[in-house]
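Residue-level listing of the chains:
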Amino acid sequence: MLLRKNSDLLPIILNTILVLSALYAPQPLLPVLSREFAVSREAAAALTTVTFIPLALAPLAYGYLLETVSPVRVLKWAVPLLAISELFFAATNSFSILILIRLLQGLLVPAILTSLMTYLSGRSSADTVQRVMALYIAATIFGGFAGRATSGLIANLFGWRFSFIVLAASLLLGFATLFKLPTGGPPKLVRPQPQAMLEVLRKPGFLPIYLAIFCLFLIFAAVMNFLPFRLTELSAQADELRIGLMYSGYMMGIVTSLGAPRFVAWIKGEIRTVKVGLFCLGCTLFGLGSAQIWLLFAMMFLFCGAMFLVHSTASGLVNRLAGQEYRGLTNGLYVAFYYSGGSVGSFAPGIAYRHFGWSGFLLLLAVVCILGFLCIGRVQSR
């Protein structure tokens, strides 16, 4: 069994999907929101950036918290608050309020994600943790796709506000399923010392892996955040539904994340797998330079597949290397580096996009990919 109780899986997977849907639901709607609130492309993109900034910082605090507090208790207050915030998002007529709401969501989402990762890793053995984390990553992938595609579909039919009303109702349903989980704390809790974070970072291989993950999600967030604007440049028919469907390549990530353990066994090592994934990711950036929408659609499958092969492998690797000590903090640091890259990627490459066009944008991302490859090259296979 992957978990000690198979009944734990449904609430965890469902809430993972819903939270990732909430995180990414505004992304295909950025051009619409830009027109609705009369703000620039970069200002609209800030709806993602302001969520990623606290996502990059808050997991450190939550990682400490989850060494002493049950992850289920954290989930039971964070999920309903996220649902309420979606209702406020749907109701407001002020772009400034939208930014504030997304900032609040950026504090809630890492509490949920770090709790989910810690709960799963804490209830799995060293032999099953790679498979468990691959399943978790697959759920995040489906949530990311579902949030984007569903929000685009609903917005196209009923208007963008209805997308967030439906999302709020779904989150409340997910909250109800959490009562099936035991509320006791994870086994072998250890109250961390202030220097615990440095102890984790000093462990062999951890910092290079975290830095590679930073580069990975910087690239991914940049493409996902500015792709809608690229599509509107290429076609006047790029509405909310078509933009949402452009993220269908996300589904390829489910295949690669679930298949990651077999790929690791076949290629004989997690580090080799991460290197292959980063190399393939860099190659797809050249394909994304095409002005043909059908080719962009096809390249998104390869792009997402490579990204999530790296993500699922690296998350399982750090949990395996961490053992039972400081798993909450280990996962908190992983999420922090991951979304730090996302916060930078959601706005900084946009500057290159404005001044040097889409080709300059992709060239910058290729340089970041090389840096990530160099970082993982410093980790010894084990």
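Residues numbered from 1 in each chain as written. Predicted model: local features only at pLDDT ≥ 70, side-chain atom pairs only at ≥ 80, totals over all residues. Heavy atoms only, no water.

1. Description of empty space enclosed by the protein
And then number 1: This model, assessed by the stated rule, comprises two cavities of 30 Å³ or more.
And then number 2: The computed volume of the largest cavity comes to approximately 150 Å³.
And then number 3: Lining the largest cavity are 16 residues, with Tyr 136, Thr 140, His 311, Tyr 338 and Tyr 339 positioned closest to its centre.
And then number 4: A per-class count over the lining of the largest cavity returns 14 nonpolar, two polar and no charged. (1 Å grid on protein atoms, 1.4 Å probe; cavity = no way out; pocket = protein on both sides within 12 Å on 5 of 7 lines; lining within 4 Å. Points joined across faces, edges and corners; volume = space filled by probe spheres on them. Nonpolar A, V, L, I, M, F, W, Y, C, P; charged D, E, K, R; others polar.)

2. Quick look at helix H1 (residues 9-24)
And then number 1: Here H1 contains 16 residues, and its C-alpha end-to-end distance of 23 Å stays within 8% of the 22 Å for a straight helix at 1.5 Å per residue.
And then number 2: Buried residues dominate H1, accounting for 13 of its 16 residues. (Helix = DSSP H or I, 4+ residues; strand = E, 2+ residues; numbered from the N terminus. Expected span 1.5 Å × (residues − 1). Buried < 20%, exposed > 50% of the residue type's maximum accessible area, 1.4 Å probe, protein only.)

3. A word on the confidence of the model for the protein
And then number 1: Averaged over every residue, the pLDDT of the protein is 83; residues scoring 70 or more account for 86%.
And then number 2: Mean pLDDT across the elements of the protein bottoms out in helix H8 (residues 196-202) (71) and peaks in helix H7 (residues 160-177) (94).
And then number 3: In the model, residues 185-191 has pLDDT below 50 throughout and makes 13 contacts with residues more than four positions away in sequence or in other chains. (pLDDT = per-residue confidence, 0-100. Contact = heavy atoms within 4.5 Å.)

4. Re a nonpolar patch on the surface
And then number 1: Together, Leu 87, Leu 153, Leu 157, Phe 158, Phe 162 and Ile 165 line one region of the surface with nonpolar side chains, adding up to about 600 Å² of accessible area.
And then number 2: If you list the elements that add at least two residues to the nonpolar patch, you get helix H6 (129-158) and H7.
And then number 3: If you tally residues by element for the nonpolar patch, the top one is H6, at three residues.
And then number 4: Within the fold, Phe 162 resides in helix H7.
And then number 5: We classify Phe 162 as partly exposed; its relative accessible area is 44%. (Patch = residues over 30% accessible without salt bridge, like charges linked within 9 Å, V, L, I, M, F, W, Y side chains within 5 Å. Areas by Shrake-Rupley, 256 points an atom, 1.4 Å probe, with all protein chains shown as cover. Salt bridge = Lys/Arg side-chain N within 4 Å of Asp/Glu carboxyl O.)

5. A closer look at the state of the cysteines
In a disulfide, the sulfur atoms of two cysteines are covalently bonded to one another.
And then number 1: Applying the stated rule across the entire model yields zero disulfides.
And then number 2: Here Cys 280 stays free of any disulfide, with the sulfur of Cys 283 as its closest cysteine sulfur at 6.2 Å.
And then number 3: A residue is classified by how much of its surface remains accessible, and Cys 280, at 34% relative accessible area, is partly exposed. (Disulfide = S-S within 2.5 Å.)

6. Notes on the side chain of Gln 27
And then number 1: Inspection of the secondary structure assignment puts Gln 27 in the loop between H1 and helix H2 (30-36).
And then number 2: Gln 27 has contacts with Thr 48, Arg 148, Met 224, Asn 225, Pro 228 and Tyr 247, leaving out every residue within four places of it along the chain.

7. Section: the packing of aromatic side chains
And then number 1: What the rule picks out here adds up to 28 aromatic pairs.
And then number 2: A ring pair is formed by Phe 52 and Phe 217, whose centres lie 5.6 Å apart and whose planes are at 65°; its orientation type is edge-to-face. One end of the pair, Phe 52, is in helix H3 (residues 41-65); the other, Phe 217, is in helix H9 (residues 206-234), and 165 residues separate them in sequence. Like Phe 217, Phe 52 is buried.
And then number 3: Measuring from ring centre to ring centre gives 4.5 Å for Phe 89 and Phe 164, while their planes differ by 50°; the resulting arrangement is tilted. Here Phe 164 lies in helix H7 and Phe 89 lies in helix H4 (residues 71-91), a separation of 75 residues in the sequence.
And then number 4: An aromatic cluster is built from Tyr 24, Phe 52, Phe 206, Tyr 210, Phe 217, Phe 220, Phe 303, Phe 308, Tyr 334, Phe 337, Tyr 338 and Tyr 339, whose rings are joined through pairwise contacts.
And then number 5: In this arrangement the basic side chain of Arg 148 is found over the ring face of Tyr 24, its NZ or CZ atom lying 4.1 Å from the centre.
And then number 6: Arg 148 extends its terminal NZ or CZ atom over the ring of Tyr 247, reaching a point 4.7 Å from the ring centre. (Phe/Tyr/Trp six-rings, centres within 6.5 Å; stacked < 30°, edge-to-face > 60°. Lys NZ or Arg CZ within 6 Å of the ring centre and 35° of its normal.)

8. A look at the nonpolar core
And then number 1: In this structure, Phe 303 and Tyr 339 are the most contacted members of the largest nonpolar core, which totals 120 residues.
And then number 2: With 19 residues, the single largest contributor to this core is H9.
And then number 3: Setting aside residues up to four positions removed in sequence, Tyr 339 forms contacts with Leu 20, Leu 23, Tyr 24, Phe 52, Leu 55, Ala 56, Leu 113 and Phe 217. (Core = buried A, V, L, I, M, F, W, Y, C linked by side-chain atoms within 4.5 Å.)

9. Description of the pattern of salt bridges
And then number 1: By the definition in use, this model includes three salt bridges.
And then number 2: The salt bridge involving Arg 354 is made with Glu 42; its shortest N-O contact spans 2.9 Å. Here Glu 42 lies in helix H3 and Arg 354 lies in helix H15 (residues 348-376), a separation of 312 residues in the sequence.
And then number 3: For the salt bridge of Arg 230 with Glu 233, the shortest nitrogen-to-oxygen distance reads 3.4 Å. Here the residue Arg 230 and the residue Glu 233 both occupy positions in helix H9, the gap between them amounting to three residues, near one helical turn.

10. Points about the side chain of Glu 86
And then number 1: Tracing the backbone shows Glu 86 in helix H4.
And then number 2: For Glu 86, which is buried and forms no salt bridge, the nearest opposite charge comes from Arg 102, at a distance of 5.3 Å.
And then number 3: Excluding residues that lie within four positions of it along the chain, Glu 86 makes contacts with Ala 22, Gln 105, Phe 164, Leu 167, Ala 168 and Leu 171. (Lys, Arg positive; Asp, Glu negative; His and termini not counted.)

11. Structural notes on the packing of H4 against H7
And then number 1: Axis separation between H4 and H7 bottoms out at 8 Å; the angle between their running directions is 165°. Of the possible angle classes, the one that applies to H4 and H7 is roughly antiparallel. The chirality of how H4 crosses H7 is left-handed. Touching Lys 76, Val 79, Pro 80, Leu 82, Ala 83, Glu 86, Leu 87, Phe 89, Ala 90 and Ala 91 of H4 are Trp 160, Arg 161, Phe 164, Ile 165, Leu 167, Ala 168, Leu 171, Leu 172 and Phe 175, all from H7.
And then number 2: Split into classes, the residues belonging to the contact of H4 with H7 amount to 16 nonpolar, no polar and three charged. (Axes fitted to C-alpha atoms, helices over the stretch in contact; angles between N-to-C directions. Parallel < 35°, antiparallel > 145°, perpendicular 65-115°, else oblique. Left-handed = near helix turned anticlockwise from the far one by under 90°.)

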